[in-house]
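# Tertiary structure, described
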Amino acid sequence: MFAALVPYAAFESHSRGRKHDEPSSKYRGEYQRDRDRIIHSTGFRRLVYKTQVFINHEGDLYRTRLTHSLEVSQVGRTVAAALQLNEALTEAICLAHDIGHTPFGHAGQDTLNVCMHDFGGFEHNLQSLRVVDVLEAKYADFVGLNLMFETREGILKHCSVRNARELGDVGERFLNNKQPSLEAQIANIADAIAYNNHDVDDGFRAGLLSIPQLRTQSLFSTHFDIVHERYPELEDRRLIYEIIRSMIGAMVGDLIEESCRRIDAAAPSSIEDVRNATYPLISMSDLMYEQHVSLKRFLRKHLYSHEQKLEMTSKVQDMIDGLFTAYMSDETKMPAQFASAARNVEGAVRARVVADFIAGMTDRYAIAAHEALMA
Ligand code: MG
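Residues numbered from 1 in each chain as written. Predicted model: local features only at pLDDT ≥ 70, side-chain atom pairs only at ≥ 80, totals over all residues. Heavy atoms only, no water.

### Concerning the pattern of salt bridges
Taken as a whole and judged by the stated rule, the model has 28 salt bridges. Note that Arg152 and Asp133 form a salt bridge whose closest N and O atoms lie 2.8 Å from each other. Here the residue Arg152 occupies a position in helix H7 (residues 149-155), and Asp133 occupies one in helix H6 (residues 124-135), the gap between them amounting to 19 residues. Owing to a relative accessible area of 4%, Arg152 belongs among the buried residues under this scheme. Residue class for Asp133 comes out buried when judged on its relative accessible area of 16%. Between Arg261 and Glu258 there is a salt bridge, and its shortest N-O distance comes to 3.0 Å. With a gap of 3 residues between them, Arg261 and Glu258 both fall in helix H13 (residues 236-266), about one helical turn apart. Note on Arg261: relative accessible area 48%, which makes it partly exposed. Salt bridges sharing common partners tie together Arg28, Arg35, Asp36, Arg77, Glu87 and Glu91. (Salt bridge = Lys/Arg side-chain N within 4 Å of Asp/Glu carboxyl O. Helix = DSSP H or I, 4+ residues; strand = E, 2+ residues; numbered from the N terminus. Buried < 20%, exposed > 50% of the residue type's maximum accessible area, 1.4 Å probe, protein only.)

Here is the structure:
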């Protein structure tokens with residue numbers, strides 16, 4: 001069933017376009033094309049070997065950055081289609097949102113940010129934009145993937161004021177306090193819905209979270225009761241799965257309904273009205289948002305800061321720090337393309353080349369690179 005887009009959706013006919021003009025495609029819309037470019041990129045393929053929460057080699061069934069990105073996209077597309085917004089744009093943003101993520105999840109990213117402290121820092125959203133704008137080297141006519149403005153705008157979820165000033169077009173909204181497209185707002189919340197739910201699943205699978213512990217969370221316990229009443233004999237593995245399924249359904253439904261209410265109240269007639277709104281029109285209800293934040297805090301405390309995870313975190317810190325220090329002092333330890341970019345340059349310019357190289361690594365590449373340096 002094809003539903004026309006609402007007037008305040010992101011229409012490609014009103015887009016701010018691509019940096020380099022290109023002839024349009026005969027069979028695909030411009031945002032479908034962006035999605036396809038993202039899927040064909042090397043940055044996207046690397047996500048399969050990058051940690052979400054569990055290091056890639058800890059087990060075959062845990063989420064990776066790639067499967068996380070696919071789950072985000074699945075949630076995002078459902079919401080975009082239900083609200084008659086641009087599904088292809090939402091999908092493109094969701095698939096690319098973590099494309100600049102470092103190896104080893106948050107521990108990797110935080111460590112690289114510390115290493116880059118004196119050189120402008122490291123922000124993973126900005127790095128995702130850098131990957132699609134600058135680092136992907138595939139096309140003969142331009143650097144990067146030459147994506148549409150709205151796709152790039154959506155990828156840059158957060159940005160410091162200092163960096164926003166340097167970025168030009170996509171940085172403007174952070175300086176003028178404007179909202180991004182509704183498609184970008186959806187991608188942002190789809191990310192949160194995806195990770196909160198799949199981290200419960202992965203944490204339980206790893207034996208780091210138990211059902212009684214999870215039942216202290218009102219969101220989980222509400223859906224535990226619903227599922228348990230219907231299937232009192234269900235074994236734990238399927239029970240957890242049914243609860244998560246029920247939680248995702250409730251969160252997505254709540255998000256769609258609350259967003260409809262906000263859109264009705266604000267009555268935007270174009271994407272400009274969306275951008276000028278003083279608050280995001282895509283949102284969960286207050287009650288759902290509270291439960292969501294509570295679950296997020298719970299996961300931070302009991303899963304991300306679990307001592308087993310912390311032990312891994314300190315190994316990761318040593319590894320990223322070791323790589324950064326080694327490449328800063330001797331660029332020839334990096335592959336030719338990075339070595340030549342870092343030759344005869346110092347300070348922030350040199351550090352950025354090193355950070356680009358490290359951020360692009362998969363977990364296993366980083367482990368091997370670190371072992372090679374220590375040998
Ligand atoms: Mg994410």
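Structure's up, so let's keep going.
### Re unusual backbone geometry
Of note, the phi angle at Gln84 is positive, near 55°, even though the residue is not glycine. Relative to the elements of secondary structure, Gln84 occurs in the loop between helix H3 (65-82) and helix H4 (87-96). A relative accessible area of 33% places Gln84 in the partly exposed class. Within the chain, Ala267 stands out as a residue other than glycine whose phi angle is a positive 45°. Among the secondary structure elements, Ala267 is positioned in the loop between H13 and helix H14 (271-276).

### Some thoughts on helix H12 (residues 218-230)
An ideal rise of 1.5 Å per residue puts 18 Å on 13 residues; H12 measures up with 19 Å between its terminal C-alpha atoms. Among the residues of H12, those classed as buried are Leu219, Phe220, Ser221, His223, Phe224 and Val227. On its buried face, H12 is in contact with helix H10 (182-205), helix H11 (211-214), H13 and helix H15 (286-304). (Expected span 1.5 Å × (residues − 1). Contact = heavy atoms within 4.5 Å.)

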